[in-house]
Structure formats: structure tokens, C-alpha cells
Amino acid sequence: MKKILLIFSVLSLLIFIRPALGINSNASTNNLNSSVSIEQHDEANAEDDESYVGAFEGIKQFYNYTGFANASSGNLIMILIGIIFIYLGIKFDYEPLLLIPIGAGVIIGNIPFVAGNQTGIYETGSVLNYLYFGVVKGIYPPLIFLGIGAMTDFSSLIANPKLMLLGAAAQIGVFATFLGALYLGFNLPEAGAIGIIGGADGPTAIFLSSKLANGVNILADGTTVKNLIGPIAIAAYSYMALVPVIQPPLMRLLISKEDRKIKMKPPRAVTQKEKMIFPIVALILTTFISPSALPLLGMLFFGNLLKESGRTERLADTARTKLIDIVTILLGVTVGASTQADIFITKDSMLIFGLGAISFVIATCGGLLFAKLMNLFLKGDNKINPLIGAAGVSAVPDSARVVHTEGLKSDPSNYLLMHAMAPNVSGVIGSAIAAGIILSFLG
Amino acid sequence: MIHIPLVVDQISEGYVILITGLIIVFSALLTLSLFFKYGLPLMLYVYKIITKRKDKKMSEIKVESDKNFTGEIAAAIGAAVHMYLDQQHDHESAILTIKQVKKPYSPWSSKIYGTQNRL
């Protein structure tokens, strides 16, 4: 009687374990052998000893499929980083809408698993891989730009068009980083994708890296480019979240106290007609100059037209709330999950992080110094507060907010937010144009 | 030996991209800003001239067509629309309840008016 019970329990255990083995039987020959042998045990379950062995092997097999057996130190480090991201987002409110999805994605992407089960983000056919498709093919960034366009008010830029140049000046960060990456030994397309981190624009960075450094393109000398989408996106988004930390010291360093107190005259009121004309004209002008940036700029100005036309409020509302939320969720999680340790923790990623920090510094300095330069040519009332140059890096609207608080620190009655929004939004346009140029050169 | 010129070539191309890229970005935003500084006011001015003539015609037409449309008609339409919208019962509560009505005393249930009782 005891024997029968024992056999029954072993059999039931085997039945429980078999699905785990059966599904994965084609993963490797090793698995195949063991599962076959277990089936043989199953058939020839006459003797207890063999059943014991079979059950034990099954449990071992099952253990081999768990995360505990497959965890590497890289996975654990990345999971820790994911938790830190989530912590930063919740505790310090650093761009929680980005950091929490990305942090969760980092954890999801670094759960150890056995390859071949269509689990991981880089395995074709897995669910995550399908969602990641929108990143790899650059689908999500233009949709984000649509929402940004539907959110952005360009009126301060229309009122004071000369501030557009500040947005262009900050793009020096893009090209300087590009050069730096070349000197560090990255090849041209990779360097181009890394450089765009200096544009301080997450969607643009993902768009460009998905086109240039996607691990698919083949270079002239026969080598494939590295897949740098993950590191670049993470670097861009984390430095965007760190704008309030990076920019203020540079502002204090480069701008004298008197300059920081300059009060700008309030921007003139902009008519609705001008606001409606702006997206159409800007779309045509900028995309004629840099057609490769069409997906980004086209969607940006289309979104803005939806907002300003006054007739499509429903569409604008969806674009700036539901649509951008959905895309942000998908983008954040998949970009986070793309940081799978064996692909992410490399020397290149560390270099990219270093270059990213430098690019933000250069971009901020470029904007600040160009604002000072502009002040040499402007007189009296028209002088601009050089602090707003720092808002030329596009990180909307964080850098404008940083400029505003920094201005308040030196003069509590100096409100720079509206003025800073102008270089801020032109920085978005500028970095998209820069991305288009790099793409047309290297794509 | 093949590798070194390749790297040099890359860097020189990098400088080309650096310079042309910056020039293009600047020129793009400069044209945009110049347009909004000078082009847009001109466009709006032209638009004003064009529309001013049209405006007069429009106003004349409007007065003609407005004669039959009195405030009473507007009020009637408004009332009709209001009544129509009020009659919509699209979102009725699906919960049906029978309310229990408690009436402690009613002459209909009074025992003293019963047939058996004689006052």
C-alpha cells in the first residue's frame, strides 16, 4: 500500500514538472535528453529508485529554469539600478513619469531567464520584442512629438523670434559630443547617435539611435553597428531628469550677478492667427531644410496645429493626454527592458554615460555663452537675461523651470519662465533638425 | 596600416558634419526667426487688407438675411432644442425598486370603519 502511494505521488510530481520541460524541449539537446529520459522513467515506472532519480532530476531541471539558477551579477546590478530609478522617481519627484516606467522596465528586462523561450526583449516573437518594435523602428518618438506639439504654446517664441537662435546655439552640444565619440573610437553612425544625447531630448535620441545604432545596419567596412538604443535612451532620460542638478552650477559659473538680474520686457500678446500660421510655416520651412527630421517635426507641428486651429480640440486633447500617456508607458517600459545586462553592461555604455554628461554641460554652456554674445548686440530694453540661454537644451519644460528658479534666486521679482520657454521650445525644434542633419549625413 | 587612415578619415568627416550641421541648424532657426520677425507681420498686413474689403460685403449680406430671423424664432428653436434634449432618457438608472410606503394610519385600513364594527 505504501509503495502504491509513493509511486502515485512521484507520478503526480512528474506530471507537474513535465510541462516545464515539454515546452522547452527544443531549447537545447541537453534538455531534450533529460526530458526524454524522464519520459522513459515515466513509462517504466516499475521501480521506486528510478522514480526517485527521475523526480530529483525533474526538480533540478525546474530549478535550472528559475531565475535563481540563471542570475548573473550583471542582472542583479541592473535590478538594483531599476529600483534606484523607481526610488528617485517616487522620493525626489525627478521626472517620475519617465523614471518609474523605465525603472520597472529595467527590472522586467533583467529577470534572468533561459534563452529560447521567447521571453526576453531581444528574442524575436516575444511580447516584449513586439512592443520594442516601436522603439527599434522609431514609431514611438514621433507619436510623443505629436503630444508635445499639442501641449506646447509657441507664443513666447512668436513674440520674440530672436530667441530661436538660443535653441540653435545649444545644439553645439550635439555636435561636440559627436566629435568626442569619434575620438573615443566609435564609428560615424554610432557617434552620431551618441551625440544627440546633447540635444537633451529623449524621443529624438531614441529616434536617431534606432535609425543609426540599431545593431542591424551594416557599415561600409562590413561590420555591423552596435545596438546602442538602450544606453543612449537611458543616458538621455537620466540626464534630462538631472537637469536641475547639472545646470545651476554652470549658470552661476558663466553668468555674472548683474547679468542674472537683467529684467526682460514682457513678451507682446500674440494673436490667434499668428499661432495658427506658426506650425504650418515652421513645418514647411524646417522640413524643407532638413527633410530627414520629417517624422519628428511633422508630428510636432501637426500636433501644434491641432491645438491652435481651435476646431480640433478633441484631437488635440487626445494627443496631449491619452495618446502620449500610452506611448510613454510603452516607451518607458521597453526602453527600460532593453537594458538586459549582457547587452547593456559594457564599456561602451559607460563611455556613453560619460559623453552624455559632457554633452549636457557643453550644450548648456553653448546656450549661456551665445546669450551673452547676443547681449553685446542688443541695446537697452531689448537685452536678454543670459540665463535663458541654458533653456536652449530642449529638456522641456524642466530647463525653463530651472532657469526660472535660478533667476528668482538672484532677484525675487524677476520671472523668467515665459522668456525661457522660447529657447526651450526652439531647442526641441533645433535638436530635431540636428537629428535630421546627422541622419541625412550618416543614415 | 589600413585602419589608421580610416580613423583619420572618420574624424575629418566628423568635423565636416560638425560645421555643416551647426550652420544648417543655425540657418534653419534663423530663417524661421526672420520669417516671424518680418514675414509674418507682412502676411498679416496683407491678410488684413484682403479681409477688410470682404468684411464690408459680408456685413451687408448678413443684414439682409438676418431680417427674417427674429429673436422669437431663436427663442422657439432654443426652447425646442431644450425640450428635445430634456426628453432624452438614454441614461436611466436600471435599478428598479419598490418603495415600501409606511402609513401608520389611513381611514381605508382603519378597523373602526370596518363592516363588522358598528359605531
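Structural data are supplied above this passage.
Only a predicted model underlies this, so the values are computations on that prediction, with no experimental measurement involved. Once a new chain begins, its residue numbering starts again from 1 and follows that chain's sequence as written. Here every chain gets a letter starting at A, and every ligand a number starting at 1, in the order they are written. The predicted nature of this model means local features are confined to residues of pLDDT at least 70 and side-chain atom pairs, given and counted, to a pLDDT of 80 or more, with totals for whole chains, interfaces and linings taken over all residues. With hydrogens and water set aside, each side-chain value is computed from the structure's full complement of heavy atoms.

Undergrad: What should I look at first to understand the interface of chain A and chain B in this one?
TA: The extent of an interface is frequently quoted as the accessible surface area lost upon association of the parts. By definition in these notes, contact holds between two residues if any of their heavy atoms fall within 4.5 Å. Chain A puts 38 residues into the contact, and the matching count from chain B is 27 residues. Here's the idea: put two parts together, see how much 1.4 Å probe accessible area each one loses, and the total over both is what we call buried area. Sorting the residues of chain A by area buried against chain B places Met164, Phe175 and Phe441 of chain A first, and these three jointly supply 17% of that buried surface. Criterion for a salt bridge: a side-chain nitrogen of Lys or Arg within 4 Å of a carboxyl oxygen of Asp or Glu. Linking chain A with chain B are zero salt bridges, by the criterion used here. The definition of a polar contact used here is a pair of N or O atoms within 3.5 Å, where within protein one atom must be able to donate a hydrogen and the other to accept one, and adjacent residues in sequence count solely through side-chain atom pairs. For the pair chain A and chain B, the number of links is one residue pair in polar contact (both at pLDDT 80 or more). Listed by contribution, the elements that provide at least two residues to the side of chain A that touches chain B are helix 10 (164-169), helix 11 (172-183), helix 17 (272-289) and helix 23 (417-442) of chain A. Counting residues per element, the side of chain A that touches chain B draws most heavily on helix 17 of chain A, which supplies nine residues. Its residues assigned to classes, the side of chain A that touches chain B shows 28 nonpolar, six polar and four charged. Runs of E in the DSSP output that reach at least two residues are strands. Runs of H or I that reach at least four are helices, and both are numbered from the N terminus. The residue classification treats Ala, Val, Leu, Ile, Met, Phe, Trp, Tyr, Cys and Pro as nonpolar and Asp, Glu, Lys and Arg as charged. All others, Gly included, are polar.

Undergrad: Help me understand unusual backbone geometry, please; the structure alone is not making it clear to me.
TA: It is generally the case that most residues other than glycine have a negative phi and that most peptide bonds are trans. All names here are of chain A. Between Val396 and Pro397 the backbone carries a cis peptide bond, its omega angle lying at -10°. Even without glycine at this site, Gln118 takes up a positive phi of about 55°. If you trace the backbone, Gln118 turns up in the loop between helix 6 (96-109) and helix 7 (127-136). A positive phi angle is found at Ala200, which is not glycine, with a value near 55°.

Undergrad: I tried to follow the environment of Gly125 of chain A on my own but got confused; where do I start?
TA: All names here are of chain A. Secondary-structure assignment places Gly125 in the loop between helix 6 and helix 7. Using a relative accessible area of 29% as the deciding quantity, one classes Gly125 as partly exposed. For the pair Gly125 and Ile108, spaced 17 residues apart in the sequence, the C-alpha separation amounts to 17 Å. Look past the residues within four positions of Gly125 in its chain and what remains in contact with it is Gln118 and Tyr130. Remark: exposure states derive from per-residue accessible area (1.4 Å probe, protein chains only) relative to the maximum for the residue type, with buried under 20%, exposed over 50%, and partly exposed in between.

Undergrad: Honestly, the pattern of salt bridges in this entry has me stumped. Any pointers?
TA: When the charged atoms of two side chains with opposite charge come close together, those side chains can pair. All names here are of chain A. Taken as a whole, this structure holds nine salt bridges over all chains when the rule is applied. Of the charged contacts, one joins Glu308 and Lys307 as a salt bridge, the two residues approaching to 3.0 Å between their closest N and O atoms. Just as Glu308 is buried, Lys307 falls in that class too. Residues Arg401 and Asp398 are paired through a salt bridge, measuring 3.5 Å at the closest nitrogen-oxygen approach. Remark: Asp398 and Arg401 occur in helix 22 (residues 398-410); sequence separation between them is three residues, near one turn of the helix. For Arg401, a relative accessible area of 46% gives the class partly exposed. Owing to a relative accessible area of 11%, Asp398 belongs among the buried residues under this scheme. Taken together, the shared-partner salt bridges in this structure form one network comprising Glu190, Lys226 and Asp348.

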